[in-house]
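Each chain, written out:
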Amino acid sequence: MEMTEDLIRNVIQQVLTQMGTGGPATNGAGPRPSGGKDGVYPTADAAVLAAEAAFKHYRKRPLACRRKAVECIRTICVEQAEELGRMELDETKIGRLDHKIAKLRDAIPRAPGVEYLRTDNWSGDDGITLTDYAPFGVIGAITPVTHSLPTLAGNAINMLAAGNTVVVNAHPSGAKVAAEGVRRFNRAIRQAIGLDDLITIIETPTLESAAALFDHKGVRLLVVTGGPAVARAALASKRRAVVAGPGNPPVVVDATADLENAARSIVAGAAFDNNLLCIGEKQVFAVSEVFDKLMEAVGRHGGFRLAAAQIDALTRQAFTQGDDKHFHVNKDLVGRDAAVLAKIAGAEAPKGTEIVYGETGADHLFVEHEQMMPFIPFVRVPDVDRAIDLAHASEHGYGHTAILHSRDTSVMSRMGRRMDCTVFVINGPSTAGLGLGGEGVLSFSIAGPTGEGVTTPLTFCRQRRTAVVGSMRFV
Ligand code: NAD
């Protein structure tokens, strides 16, 4: 038989596929759902069917394959951070390029993978009982525009590590970069372990495609990251849902605080990606004893202070009154640069300005609303207990994130108890609560309303118990 180049290539690909280490994906599941390529599908139904077929094969694979799949996602995020970060900014037009890149390059590697899984056990006279963390199957994920690809990548790392496959419905304004990420992840995973469609995505997402995902019988678990409307829809859904909803994180600064650290931290957290993070500092309540010193320190750490009339001018543009007479954040200003906000306020911010800020009352629109733009209102309060009360009111009971700057441990306890938040950061920027400059692992989905907290691979597992009676105790 003549050994042509094609024949040799075919033999190599067959061997690699059988070894599960490379070659083209077959998924061996018969005909593939129509219209899909590299995980990108035209409808929710096609995307779920493909992810279901992929799960049948993925569940038979060893943990080593999960590790390789997770590594593919991490490597692409790190090595292609600049290109993908730029793509995300060009499409969404919100946030900052340096931070879009940092979210992929520096944050995503901190999202936990297979190493986070564990087995619990009891061993005694009656034998051994194990609790294993097993996959659900296909997970439906709804992702926000504020971190389209980072949320998708972080969710996918956690979910694939846990042995699931995932179908994504991205926000329509961040759908292109999300689909491009899915294509790249799938190609790399196919190369690495010979499986396709571990992550699938609906190419043109709509509210209808999100609803179809919510109701699809092939989806075992929903994971929803977004604002109040989608959080409410997920909580009302018949399907079990992990809900990562909105926040409006307040900061309290008391008289014992290290004011330099407080100012530096507030600016760093609030400026990150132009205040798009759900955990980002949104309003500050500082006791009058240190208020002026804090304001001055913020100015030295990248803040540009607006006068009362300038704040009024910015507020008129930043909020619009709906037919229901309620005020809403003007989406055109969400995630815009501090210099742009300063200009709207009628001021010229110096180069290097990270946030604009100023003094307001506690009932100001910027205090009440999750503005997601780098103007931070500072409210002067007589004492720390009043500050905690106002912080609590401004958080609207979301129970998401709160930040404190204080050296007084009794204040730490009082505020922690009162706020009852999923993330409470003391003496650092909000990002420390996600393991960036603080201890702990990272996730872009913080599930407050349903109680799972900062999500990890264990969030996406079913617990399964195995009892071996009368043996397997070795001591
Ligand atoms: P958004 O609510 O507008 O959109 C989020 C996702 O939900 C998108 O994919 C969107 O298409 C979809 N969606 C919106 N309404 C829906 C409905 N009625 N039914 C089905 N799907 C629907 O939010 P956004 O502007 O993309 O993101 C910002 C919001 O998300 C902020 O409120 C922020 O606090 C929150 N957020 C929370 C977390 C967290 O971990 N808790 C993380 C990031 C963002």
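Up top is the structure.
Residues numbered from 1 in each chain as written. Predicted model: local features only at pLDDT ≥ 70, side-chain atom pairs only at ≥ 80, totals over all residues. Heavy atoms only, no water.

**Student:** Tell me about the side chain of Asp 196, and please be specific about residues and values.
**Tutor:** Counting through the fold element by element, Asp 196 comes out in the loop between helix H7 (175–193) and strand E6 (199–202). A polar side-chain atom of Asp 196 sits 3.3 Å from a polar atom in the side chain of Arg 190. (Helix = DSSP H or I, 4+ residues; strand = E, 2+ residues; numbered from the N terminus. Polar contact = N/O pair within 3.5 Å; in protein donor to acceptor, adjacent residues only side chain to side chain.)

**Student:** Can you lay out the packing of aromatic side chains for me, pointing to particular residues and giving the numbers?
**Tutor:** Aromatic ring pairs are reported here in terms of the distance separating the ring centres and the angle at which the planes meet. In total, this model carries three aromatic pairs according to the counting rule given. Note on Tyr 357 and Phe 378: the rings are 5.5 Å apart at their centroids and 65 degrees apart in plane angle, and the pair reads as edge-to-face. Of the two residues, Tyr 357 sits in strand E14 (residues 355–359) while Phe 378 sits in strand E15 (residues 375–381), which places them 21 residues apart along the sequence. As far as burial versus exposure is concerned, Tyr 357 and Phe 378 are alike and both buried. Among the aromatic residues, those joined into a cluster by ring pairs are Phe 319, Phe 366 and Phe 375. (Phe/Tyr/Trp six-rings, centres within 6.5 Å; stacked < 30°, edge-to-face > 60°. Buried < 20%, exposed > 50% of the residue type's maximum accessible area, 1.4 Å probe, protein only.)

**Student:** Any details on the environment of Lys 343? Residues and values, ideally.
**Tutor:** Structurally, the position occupied by Lys 343 is in helix H13 (residues 338–345). Residue class for Lys 343 comes out exposed when judged on its relative accessible area of 56%. Measuring from C-alpha to C-alpha, the distance between Lys 343 and Ile 426 comes to 33 Å, with 83 residues separating the pair along the chain.

**Student:** Before we move on, could you go through the pattern of salt bridges and cite the residues and values that matter?
**Tutor:** Evaluation of the coordinates by the stated rule reveals 26 salt bridges. The partner of Asp 120 in a salt bridge is Arg 118, with the nearest N and O atoms 2.8 Å apart. Arg 240 is paired through a salt bridge with Glu 452; the nearest N and O atoms lie 3.5 Å apart. Of this pair, Arg 240 sits in the loop between helix H9 (228–236) and strand E8 (241–244) while Glu 452 sits in the loop between strand E18 (446–447) and strand E19 (453–454), placing them 212 residues apart in sequence. Accessibility expressed as a relative area gives 42% for Arg 240, which makes it partly exposed. With relative accessibility at 24%, the residue Glu 452 sits in the partly exposed group. Three or more residues joined by partner-sharing salt bridges are found here, namely Lys 37, Asp 38, Arg 187, Arg 190 and Asp 196. (Salt bridge = Lys/Arg side-chain N within 4 Å of Asp/Glu carboxyl O.)

**Student:** Describe the sheet that holds strand E1 (residues 40–41), naming the residues involved and giving the relevant values.
**Tutor:** The six strands are arranged E1-E6-E5-E4-E7-E8 in an open sheet whose pairing can be described as parallel. A strand with exactly one partner marks an edge of an open sheet, and here the two such strands are E1 and E8. Of the pairings in the sheet, the one linking strand E5 (residues 165–169) to E6 comprises three bridges and is parallel in character. Bridge pairing in E6 places Val 168 opposite Ile 201. Those strands touched by helix H8 (residues 207–215) are strand E4 (138–142), E5, E6 and strand E7 (221–225), and its axis lies near 150 degrees from that of E4. Relative to E8, H9 is tilted by about 160 degrees, and along the sheet it contacts E4, E7 and E8. (Pairing = 2+ DSSP bridges. Contact = heavy atoms within 4.5 Å. Axes fitted to C-alpha atoms, helices over the stretch in contact; angles between N-to-C directions.)

**Student:** Which residues make up the packing of helix H4 (residues 81–92) against H7, and what are the values?
**Tutor:** The geometry of H4 relative to H7 is characterised by a closest axis approach of 8 Å and an angle of 155 degrees between their N-to-C directions. It follows from the interaxial angle that H4 and H7 lie roughly antiparallel. Counted together, Glu 83, Leu 84, Met 87, Glu 88 and Glu 91 of H4 and Ala 175, Lys 176, Val 177, Glu 180 and Arg 184 of H7 form the full contact between these two elements. Looking at the contact of H4 with H7 residue by residue, the classes come out as four nonpolar, no polar and six charged. (Parallel < 35°, antiparallel > 145°, perpendicular 65-115°, else oblique. Nonpolar A, V, L, I, M, F, W, Y, C, P; charged D, E, K, R; others polar.)

**Student:** If you had to explain a positive patch on the surface to someone new, which residues and values would you point to?
**Tutor:** A cluster of basic residues, Lys 56, Arg 59, Lys 60, Arg 220, Arg 462 and Arg 464, forms a positive patch at the surface. For Arg 59, the position within the fold is in the loop between helix H2 (44–58) and helix H3 (63–79). Arg 59 sits in the exposed class, given a relative accessible area of 56%. (Patch = residues over 30% accessible without salt bridge, like charges linked within 9 Å, V, L, I, M, F, W, Y side chains within 5 Å. Areas by Shrake-Rupley, 256 points an atom, 1.4 Å probe, with all protein chains shown as cover. Lys, Arg positive; Asp, Glu negative; His and termini not counted. Charge placed at Lys NZ, Arg CZ, Asp CG, Glu CD.)

**Student:** Could you give me a rundown of the nonpolar core, with the residues and numbers involved?
**Tutor:** Counting residues in each nonpolar core, the largest one holds 105 residues, and the members touching the most others are Ile 199, Val 253, Leu 294 and Phe 378. When neighbours within four sequence positions are excluded, Phe 378 is seen to be in contact with Ile 266, Val 284, Phe 291, Leu 294, Met 295, Val 298, Tyr 357, Gly 358, Glu 359 and Thr 360. (Core = buried A, V, L, I, M, F, W, Y, C linked by side-chain atoms within 4.5 Å.)

**Student:** Go over the sheet that holds E14 with me, naming the residues and quoting the values.
**Tutor:** Here seven strands make up an open sheet; going across it, the order is E11-E14-E15-E10-E9-E16-E17 and the pairing parallel. Edge strands, defined here as strands with exactly one partner in the open sheet, are strand E11 (303–305) and strand E17 (423–426). The mean inter-strand angle of the sheet, taken between neighbouring strand axes irrespective of direction, is 25 degrees. Sheet analysis places strand E9 (residues 250–253) next to strand E10 (residues 283–287), joined by four bridges and oriented parallel. Within the sheet, the bridge partner assigned to Val 251 lies in E10 and is Val 284. Relative to the sheet, H13 contacts E11, E14 and E15, its axis offset from that of E14 by approximately 45 degrees.

**Student:** How would you sum up the site of the ligand? Please name residues and give values.
**Tutor:** Surveying the vicinity of the ligand reveals 26 residues, the closest of which are Thr 143, Val 145, Gly 245, Glu 370 and Ile 446. In this structure, an oxygen atom belonging to the ligand sits 2.7 Å away from a main-chain N or O atom of Thr 143. Residue His 400 places a side-chain N or O atom 3.1 Å away from a nitrogen atom belonging to the ligand. Protein contact buries 87% of the 850 Å² of open area that the ligand shows by itself. (Near = heavy atom within 4 Å.)

**Student:** An account of the pairing of strand E3 (residues 127–135) is needed here, citing residue identities and associated values.
**Tutor:** Counting buried positions over the nine residues of E3 gives seven, a clear majority of the element. The turn joining strand E2 (residues 119–124) and E3, which pair antiparallel and follow one another in sequence, is formed by two residues. Here nine bridges tie E3 to strand E20 (residues 461–469), and the two strands are oriented antiparallel to one another. Note that in E20 the partner of Ala 134 across the bridge is Arg 462.

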